[in-house]
Amino acid sequence: MLQSFFIYCAQELTYNSLHSLKLYLRKFYNYIYTEKIAACSYDSFFKFPVVRGHKILPCLPHEEINLVLHQINLYTGKGKRDLAIILLGLHTGLRVIDIVNLRLQDIDWKKGEIKIILKKTGKALSLPLMEDVGKAIMDYILSGDQNLNLNTYFCVQKCRLKN
């Protein structure tokens, strides 16, 4: 009966409201069990997941992205680095901490794949390496303005770039 009620409510409520409804009903049923009004605990009825909606942040319009990309000086190592970092962020949605910690072994060039462990969650993630992102990273590597012996692609803080 509870699941039927949730299906009925799902037609009118948002995911977040359904999630809240489930939490309050679980508390109510725990209360009536604790107060000896109900003969059994109804915890098993609340084992089903309610997927909560996530707010999707709007992305920048293409015109604004192009304005940003056209400000990068592609004739310097720093500019090539900046382009690679920005394209990685735009195409993958990776956090800055994951981009700057990208290690040499995280990119499988033959398969066209990025495999990393996310810093914030500790979860493994596999992403496709988009062609323009791969070209930007390769252009940065071939520019010779980075220190690859640190085992990371992007120099941050203590690394010195040539002009």
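1. Description of the packing of aromatic side chains
In the structure shown here, the tally under the stated rule is one aromatic pair. On the basis of an interplanar angle of 75 degrees and a centroid distance of 5.5 Å, the ring pair of Phe28 and Tyr29 is categorised as edge-to-face. Residue Phe28 is classed as partly exposed on the basis of its relative accessible area of 45%.

2. A short note on the pairing of strand E2 (residues 113–117)
Both strand E1 (residues 107–108) and E2 contribute to a ladder of two bridges, which runs antiparallel. Note on E2: the bridge partner recorded for Ile107 is Ile114. Hairpin remark: E1 followed by E2, antiparallel, with four residues in the connecting loop; positive phi at Gly112, about 65 degrees. As judged from the five bridges shared by E2 and strand E3 (residues 124–128), these two strands associate in the antiparallel manner. Counted as the bridge partner of Ile117 is Ala124 from E3. Hairpin connection between E2 and E3: a loop of six residues separates the two successive antiparallel strands, and Gly122 in this loop has a positive phi of roughly 75 degrees.

3. Quick notes on the sheet that holds E1
Strand pairing in a sheet relies on backbone hydrogen bonds. The paired strands run either parallel or antiparallel. Spatial ordering of the open sheet is given by E1-E2-E3, a layout of three strands whose pairing is antiparallel. Every interior strand has two partners, whereas the edge strands, E1 and E3, have only one.

4. Some details on the confidence of the model for the chain
Residues of the chain with pLDDT of at least 70 account for 83%, and the chain-wide mean is 82. Highest mean pLDDT in the chain belongs to E2 (92); lowest belongs to helix H1 (residues 2–10) (76).

5. Focus: helix H2 (residues 15–34)
An α-helix turns once per 3.6 residues; consequently, residues spaced three or four apart project the same way. Compared with the 28 Å implied by 1.5 Å per residue over 20 residues, the 29 Å span of H2 between its first and last C-alpha is a close match. Looking at H2, one finds that the buried residues are Leu18, His19, Lys22, Leu25, Tyr29 and Ile32. One face of H2 carries all of its buried residues, which in axial projection span an arc of 155 degrees. For H2, the exposed residues lying more than 90 degrees away from the buried face are Tyr24, Lys27 and Thr34. Lys36, located one to two residues past H2, shows a positive phi value of around 65 degrees.

Reading the values: the criteria
- Residues numbered from 1 in each chain as written.
- Predicted model: local features only at pLDDT ≥ 70, side-chain atom pairs only at ≥ 80, totals over all residues.
- Heavy atoms only, no water.
- Phe/Tyr/Trp six-rings, centres within 6.5 Å; stacked < 30°, edge-to-face > 60°.
- Buried < 20%, exposed > 50% of the residue type's maximum accessible area, 1.4 Å probe, protein only.
- Pairing = 2+ DSSP bridges.
- Helix = DSSP H or I, 4+ residues; strand = E, 2+ residues; numbered from the N terminus.
- pLDDT = per-residue confidence, 0-100.
- Expected span 1.5 Å × (residues − 1).
- Arc of directions from axis to C-beta.

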